[in-house]
Amino acid sequence: KAELAEGRNVMVFGYHVSLLPRLARLIQEATGEKVPVLYSDKVPTAKRQEWINKNIILKGARVMVANPVGISTGLNNLVHFSTEIWMENPGCHPLIFRQANGRVYRIGQGLETRIYFPIYKGTLQAQLHHLLMIKVAVSTATDGLDSESVLLAAGAGDDALCMGLSIGRQLWEMINREN
């Protein structure tokens, strides 16, 4: 409700498709907003952008519920949303997480993007979120998007200079401390 009150459109992700209708119903009851659900098994990949234009953007829908896998391919019109709420971990799959977030955080986005991941502290859910974030960091580093990789690719400094910026090294040390 707070995001909508700020004029921000919200995309809500649920990993288990069977939960999507319930999420949509609960959000609709709480906000009074019509909440379309994008079902990837009902809307083929090639037709999803058109479906979003027709059922979301043209109708002025402010909330959409989807499985993050269903929006991970080439949808450029999702800048309609500036807030994402992850109701479920995407199976600890960093690429699904990064792809879904990348659909909102891209050229054409007029607002600061916000990503919420409500989790219960001290639960397996928190541990899974932590694992997902480690995987995202490793995935980002592997793609050369962390600060160390960028500096080394640009030929700036030697390894010792960049050591303190290494996400991969920090993750390795963190994993070894836990063992």
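Residues numbered from 1 in each chain as written. Predicted model: local features only at pLDDT ≥ 70, side-chain atom pairs only at ≥ 80, totals over all residues. Heavy atoms only, no water.

Engineer: Could you clarify how one ought to interpret the nonpolar core in this entry?
Structural biologist: Note on soluble globular proteins: their nonpolar side chains tend to be buried together. In this structure, M11, L38, M64, I71 and L78 are the most contacted members of the largest nonpolar core, which totals 22 residues. Every element with two or more residues in this core is listed here: β1 (10-13), α3 (48-57), β3 (63-66), α4 (94-102) and α5 (124-142). Not counting the four nearest positions on each side in its chain, L38 is found in contact with L20, V43, R48, W51, I52, M64, V65, A66, N67, G70 and I71. (Core = buried A, V, L, I, M, F, W, Y, C linked by side-chain atoms within 4.5 Å. Buried < 20%, exposed > 50% of the residue type's maximum accessible area, 1.4 Å probe, protein only. Helix = DSSP H or I, 4+ residues; strand = E, 2+ residues; numbered from the N terminus. Contact = heavy atoms within 4.5 Å.)

Engineer: Is there a simple way to think about the pattern of salt bridges in this case?
Structural biologist: A side chain of one charge can pair with a side chain of the opposite charge if their charged atoms are brought near each other. Taken as a whole and judged by the stated rule, the model has five salt bridges. Of the charged contacts, one joins E3 and R8 as a salt bridge, the two residues approaching to 2.8 Å between their closest N and O atoms. What makes E3 buried here is its relative accessible area of 10%. Since its relative accessible area comes to 4%, R8 is described here as buried. Because the salt bridges share partners, they merge into one network encompassing E3, E6, R8 and R114. (Salt bridge = Lys/Arg side-chain N within 4 Å of Asp/Glu carboxyl O.)

Engineer: Hey, could you run me through α5 in this one?
Structural biologist: For the α-helix, the turn length of 3.6 residues means that residues three or four positions removed from each other point alike. An ideal rise of 1.5 Å per residue puts 27 Å on 19 residues; α5 measures up with 27 Å between its terminal C-alpha atoms. In this structure T123 caps α5, since a side-chain oxygen of it lies 3.2 Å from the backbone nitrogen of Q125. (Expected span 1.5 Å × (residues − 1). Polar contact = N/O pair within 3.5 Å; in protein donor to acceptor, adjacent residues only side chain to side chain.)

Engineer: What exactly am I supposed to notice about the sheet that holds strand β5 (residues 114-116) here?
Structural biologist: What links the strands of a sheet is backbone hydrogen bonding, and the strands pair in either a parallel or an antiparallel sense. With respect to topology, five strands assemble into an open sheet ordered β2-β3-β1-β4-β5, the strand pairing being parallel. Whereas interior strands pair on both sides, the edge strands pair on one side only; in this sheet they are β2 (37-38) and β5. Examined bridge by bridge, β1 and strand β4 (residues 83-86) share four bridges and lie parallel to one another. Its bridge partner being in β4, V12 is matched across the sheet by I85. In the packing of helix α2 (residues 20-31) onto the sheet, the strands contacted are β1, β2 and β3, and the crossing angle to β3 comes to about 160°. Sitting on the sheet, α4 touches β1, β4 and β5, and the angle it makes with β4 is about 155°. (Pairing = 2+ DSSP bridges. Axes fitted to C-alpha atoms, helices over the stretch in contact; angles between N-to-C directions.)

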